[in-house]
Amino acid sequence: MEVKIEASWKAVLKEEFEKDYFRNLTAFVRKEYEENRVYPPGRQIFAAFEHSPFDKVKVVILGQDPYHGVGQANGLCFSVSDGISFPPSLQNIFKELNSDTGVAVPSSGNLERWAEQGVLLLNTILTVRESQPGSHQNKGWEFFTDAVIKKLSDQKQKLIFILWGAYAQRKGAVIDRSKHYVIQSPHPSPLSAHRGFFGSRPFTKTNDILKSLGKEEIRW
């Protein structure tokens, strides 16, 4: 089966695409798109990889599963398509961005502008049924995204992983912290943002590390 994914990632993940779990996952996802309303649009399932080729990745932000409302998900975690109102977690991310860096709250919640600078915006699960959060859990995506994180950890140096909330932090267990940086805090969800996400300054911390490494800072 041909997987349409950016070339550098395709090379790195070649073995995953040949595993039984991925074949089963592909069959499940195809059937779901045929029989149900599923997000993001099929062409955007691997958008995070398209916008942030393997060799360009400097920062990784982990999310859970895509937004499940009409027109929201665009394949990048926490991001929404242009013209879509900001979900609560994204509102809080922009509030912290403003308080941390002074950057004005953007007019668009489309985070492609971050991804193009080497911020991999990776959801743990890459598809979801409309109005059914978590509906594509335990179908194989978690194995795939574990492999993505492990490849990044093993094959690259001095990446910055931003882990918001317990779910992302558990997912980050495979990161080799002796050669990468990990910034973690509570999740930006309204349920937890006041328990330490606000004031955690992830954007400044990330750029301080990039600067110390002689790398170009992210224009948040």
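First things first, this report covers the structure right here in the doc. Computed from a predicted model, the values in this text were never measured in an experiment.

Focus on the packing of helix α5 (residues 88-101) against helix α9 (residues 202-212)
Running from amino to carboxyl end, α5 crosses α9 at an angle of 60°, the nearest separation of the two axes being 8 Å. In terms of their interaxial angle, α5 and α9 are classed as oblique. Together, I93, E96, L97, D100 and T101 of α5 and P202, F203 and T204 of α9 make up the contact between the two elements. A breakdown of the residues in the contact of α5 with α9 according to their chemical character gives four nonpolar, two polar and two charged.

Focus on the pattern of salt bridges
In a structure, side chains of opposite charge can pair up when their charged atoms sit close to one another. Across all of its chains, the model carries 10 salt bridges by this definition. In this structure, E35 engages K31 in a salt bridge whose closest nitrogen and oxygen atoms are separated by 3.3 Å. Here K31 and E35 lie together in helix α3 (residues 20-35), a separation of four residues that amounts to about one turn. Owing to a relative accessible area of 46%, K31 belongs among the partly exposed residues under this scheme. In this structure, R219 and E216 form a salt bridge, with 3.3 Å as the shortest nitrogen-oxygen distance. Residue R219 shares its accessibility class with E216, and that shared class is exposed.

A look at the nonpolar core
Counting residues in hydrophobic clusters, the biggest one holds 63 residues, and the most contacted among them are W9, F46, W114, W141, F144 and L152. In contact with W141, not counting residues within four places along its chain, are F22, L25, V29, I45, F46, T124, I125, L126, T127 and H136.

Some details on the packing of α3 against helix α7 (residues 141-155)
Two elements in contact, α3 and α7, have axes separated by 9 Å at closest approach and are oriented at 125°. Taken together, the axis directions place α3 and α7 in an arrangement best described as oblique. Considering only the axes of α3 and α7, their crossing is left-handed. Contacts from Y21, F22, L25 and V29 in α3 reach W141, F143 and F144 in α7. Taken together, the residues that form the contact of α3 with α7 break down as seven nonpolar, no polar and no charged.

Quick look at unusual backbone geometry
Of note, the amide linkage connecting Y39 to P40 takes the cis form, showing an omega dihedral of -5°. Here P40 is to be found in the loop between β1 (38-39) and α4 (47-51).

Regarding the pairing of strand β3 (residues 119-123)
Note on strand geometry: in a regular strand, side chains alternate between the two faces of the sheet. Counting buried positions along β3 yields five of five residues, so the element is predominantly enclosed. Burial along β3 is two-sided: the face carrying V119, L121 and N123 and the face carrying L120 and L122 are both buried. With five bridges joining them, strand β2 (residues 59-63) and β3 adopt parallel strand pairing. Note on β3: the bridge partner recorded for I61 is L121.

Side note on the environment of L97
Mapped onto the elements of the fold, L97 is located in helix α5. Through-space distance from the C-alpha of L97 to that of F203 is 6.7 Å; in sequence the pair is 106 residues apart. Excluding residues within four positions of it along the chain, L97 makes contact with G102, V103, W114, F203 and W220.

Thresholds, definitions, all that
- Position labels on residues start from 1 in each chain and follow its written sequence.
- Per-residue local features of the predicted model are confined to residues with pLDDT of at least 70, and side-chain atom pairs are confined, for both listing and counting, to 80 or more; whole-chain, interface and lining totals are unaffected and use all residues.
- Excluding hydrogens and water, the side-chain figures rest on all heavy atoms present in the structure.
- Here, axes are lines fitted to C-alpha atoms. For helices the fit covers the stretch in contact, and angles between N-to-C directions go from 0 to 180 degrees.
- For the purposes of this entry, the term helix denotes a DSSP run of H or I that reaches at least four residues, the term strand denotes a run of E that reaches at least two, and both are numbered from the N terminus.
- For classification, angles of less than 35 degrees are called roughly parallel, those exceeding 145 degrees roughly antiparallel, those between 65 and 115 degrees roughly perpendicular, and all remaining angles oblique.
- Any two residues having at least one pair of non-hydrogen atoms within 4.5 Å are treated as being in contact.
- Only Asp, Glu, Lys and Arg are considered charged in this grouping, and only Ala, Val, Leu, Ile, Met, Phe, Trp, Tyr, Cys and Pro are considered nonpolar; every other residue, Gly among them, is considered polar.
- Throughout this description, the term salt bridge denotes a Lys or Arg side-chain nitrogen within 4 Å of a carboxyl oxygen of Asp or Glu.
- Each residue is assigned to one of three classes by its accessible area relative to the maximum for its type, calculated with a 1.4 Å probe on protein chains only: buried under 20%, partly exposed between the two thresholds, exposed over 50%.
- The criterion is simple. A nonpolar core is a set of buried Ala, Val, Leu, Ile, Met, Phe, Trp, Tyr and Cys residues joined through side-chain atoms within 4.5 Å.
- Crossings are assigned a handedness: left-handed for a near helix turned anticlockwise from the far helix by less than a right angle, right-handed for a clockwise turn.
- Two strands pair if DSSP finds at least two bridges between them.

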